Amino acid sequence: MKPQRTLPPAASPIGFIDIAHGIAALRHGEKTRERFKSELQQYFGVKHVFLVSSGKAALFCILKALQKLHPDRNEVLVPAFNCYSVPSAVLAAGLKIRLCDIDPNTLDFGPRELSKALIDTKRLLCVIPTHLFGLHADVKGLRSLIKDDAIVIVEDAAQAMGSHEVGRMMGLSGDVGFFSLGRGKAFSTYEGGIIVTDNESIGKCIAEVARALSEYSLFQVIKLIVNVIAVTVLGHPMLFWIPKGLPFLRLGETLFEHSFLIKALSPFQAGLAWNWKKKLERLRTGRNENALWWANFFHDGSVDGIFPFIDPRYTIPDALRFPVRIEKDEKRETIFRESEKMGMGIRPTYPLSLDELPELGNFHPPPCPHARLSARTVVTLPVHAYVSGHDRKKIGKILSKSCVE
Ligand SMILES: *Cc1c(COP(=O)(O)O)cnc(C)c1O
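Keep in mind the model is a prediction, meaning the values are calculated, not measured.

1. Quick look at the site of the ligand
In the neighbourhood of the ligand, 14 residues make up the surrounding shell, with G55, D156, Q159, S180 and K185 lying closest. A distance of 2.7 Å separates an oxygen atom of the ligand from a polar atom in the backbone of G55. Interatomic distance of 2.7 Å between a side-chain N/O atom of Q159 and an oxygen atom of the ligand. Compared with its free state, where it exposes 380 Å², the ligand has 91% of that area covered by protein. Of all the secondary structure elements, the ones that give two or more residues to the shell around the ligand are α3 (55-69) and α4 (85-92).

2. Focus on the domain arrangement of the protein chain
One frequently used descriptor of interface size is the decrease in accessible area upon assembly of the parts. Partitioning the protein chain into structural domains gives domain 1 (18-211) and domain 2 (277-402). Just the C-alpha atoms count here: the centres of domain 1 and domain 2 sit 23 Å apart. Each partner contributes to the interface: domain 1 provides 32 residues, whereas domain 2 provides 36 residues. Per-residue buried area on domain 1 facing domain 2 is highest for Y84, L99 and F133; these three make up 25% of the total on that side. Remark: the boundary between domain 1 and domain 2 carries one salt bridge. At the junction of domain 1 and domain 2, the tally comes to nine residue pairs in polar contact (both at pLDDT 80 or more). Listed by contribution, the elements that provide at least two residues to the side of domain 1 that touches domain 2 are β2 (75-79), α4 and β3 (96-100). For the side of domain 1 that touches domain 2, the class distribution of residues is 20 nonpolar, eight polar and four charged.

3. Re the nonpolar core
Core analysis: the largest hydrophobic core is formed by 81 residues, its most contacted members being F81, V154, F298, F322 and L399. Of the residues forming this core, the biggest block, nine residues, is contributed by α3. In terms of domain composition, this core takes at least three residues from each of domain 1 (18-211) and domain 2 (277-402). Those residues in contact with F81 that sit more than four places away from it in its chain are I102, L107, L132, F133, T349, Y350, A371, S374, A375 and V378. Within the second largest apolar cluster, 24 residues are counted, among which are L40, M169, L265 and L280.

4. Quick word on the packing of aromatic side chains
One pass over the structure, following the stated rule, counts 13 aromatic pairs. Seen in terms of ring centroids, Y43 and F44 are 4.9 Å apart; in terms of plane orientation they differ by 85°. Their pairing is edge-to-face. When the centroid spacing of 5.0 Å and the interplanar angle of 80° are considered together, the rings of Y43 and W276 count as edge-to-face. With Y43 in helix α2 (residues 29-44) and W276 in helix α11 (residues 276-299), this residue pair connects regions lying 233 residues apart in the sequence. Directly above the ring of F260 sits K56, whose terminal nitrogen or CZ lies 5.8 Å from the centroid.

5. Things to note about the sheet that holds β2
Sheet architecture is open: seven strands sit in the order β1-β9-β8-β5-β4-β2-β3, paired in mixed fashion. A strand with exactly one partner marks an edge of an open sheet, and here the two such strands are β1 (48-52) and β3. Each neighbouring strand pair of the sheet contributes to a mean axis angle of 25°, computed without reference to strand direction. Pairing analysis gives five bridges linking β1 to strand β9 (residues 193-197), with the strands arranged antiparallel. Bridge pairing in β9 places L51 opposite I194.

The rules behind each value
- Residues numbered from 1 in each chain as written.
- Predicted model: local features only at pLDDT ≥ 70, side-chain atom pairs only at ≥ 80, totals over all residues.
- Heavy atoms only, no water.
- Near = heavy atom within 4 Å.
- Polar contact = N/O pair within 3.5 Å; in protein donor to acceptor, adjacent residues only side chain to side chain.
- Areas by Shrake-Rupley, 256 points an atom, 1.4 Å probe, with all protein chains shown as cover.
- Helix = DSSP H or I, 4+ residues; strand = E, 2+ residues; numbered from the N terminus.
- Domains from an automatic or database assignment.
- Contact = heavy atoms within 4.5 Å.
- Buried area = accessible area lost by both parts, 1.4 Å probe.
- Salt bridge = Lys/Arg side-chain N within 4 Å of Asp/Glu carboxyl O.
- Nonpolar A, V, L, I, M, F, W, Y, C, P; charged D, E, K, R; others polar.
- Core = buried A, V, L, I, M, F, W, Y, C linked by side-chain atoms within 4.5 Å.
- Buried < 20%, exposed > 50% of the residue type's maximum accessible area, 1.4 Å probe, protein only.
- Phe/Tyr/Trp six-rings, centres within 6.5 Å; stacked < 30°, edge-to-face > 60°.
- Lys NZ or Arg CZ within 6 Å of the ring centre and 35° of its normal.
- Pairing = 2+ DSSP bridges.
- Axes fitted to C-alpha atoms, helices over the stretch in contact; angles between N-to-C directions.

In structure tokens:
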């Protein structure tokens, strides 16, 4: 722990003005929440929007609703290199996980593995394509492979709120989609989740589930306010070395959560989001500038052994964290070490692929070698609002230096 400028790997800052709006919303809560909801409906152009306490809670509610629609099905197909929140929500909903290995070049479902996974679909309830770090999962391609009409596509756009793919917004190509408003996501209310769908029968079932959700208790709202203030102050690069040095906070670790809050989004959180559209746009533009800078940095080909996923010639970078692959263990370790020393926020992603995750217990998935390789070798560079030109240069130096050694 060193008192020095320290970058988190991802950040979506919340300001004191936002907090003031959040607290003000406690007085006329329902109105604030309804406004946030109707703004989202308009922005995404969808009929149904539901606001809940996290991305996990959003997925949980979706799965519960789908179970009502198809009680004879209980399996959920997910890519094996994934955020642990996904299996955590699947298990909480009482469903079974089926893993599919990924394509190591896109981090999306591997095409051959996917075709194989879609042969026997009698028990398959839904498939969850996931957009990781701004890389686009091919939802349309997935749709064309699914022959069984009862199977639902749940688009995990937790990391992709406001991102586009050839003019189409992420999260709207599946039968139902969800976004996360957690810390370090595209736009944050500390915690929160959004469900979007145009499908009438799914929308109706989710509405039933959502109606039964309880509200945050007064104690939980107060805890939320205290946490938001703490993150606003200590999440700043000037002070981030303090929480980062406290081992019990376990920052930077990816943990599997066995249980989590499943609530309606509180009016306080809806209040925090008072100018979300402008803010999301501003945060996205800033991240895109940084991501484009990284894309060009690697495009020169001057950095040996580090391979970017995002090529500006083919994609518009819309990344939450800029993903690269570093295959040599020694090189990766050197870079992490240097980054930690200088507080630069270069981080591994999900340390284990889902087929290796002990928390998933005694299920016996097929081994997923591409997912395992990606869990070891995918590294992200920070692109968030706090990353300055000076930071980029310092990070660039760490990356280039690791090549000479
Ligand atoms: C963050 C995330 C989630 C879960 O969102 P929370 O709000 O943290 O519960 C789900 N899927 C992916 C891909 C995520 O990155």
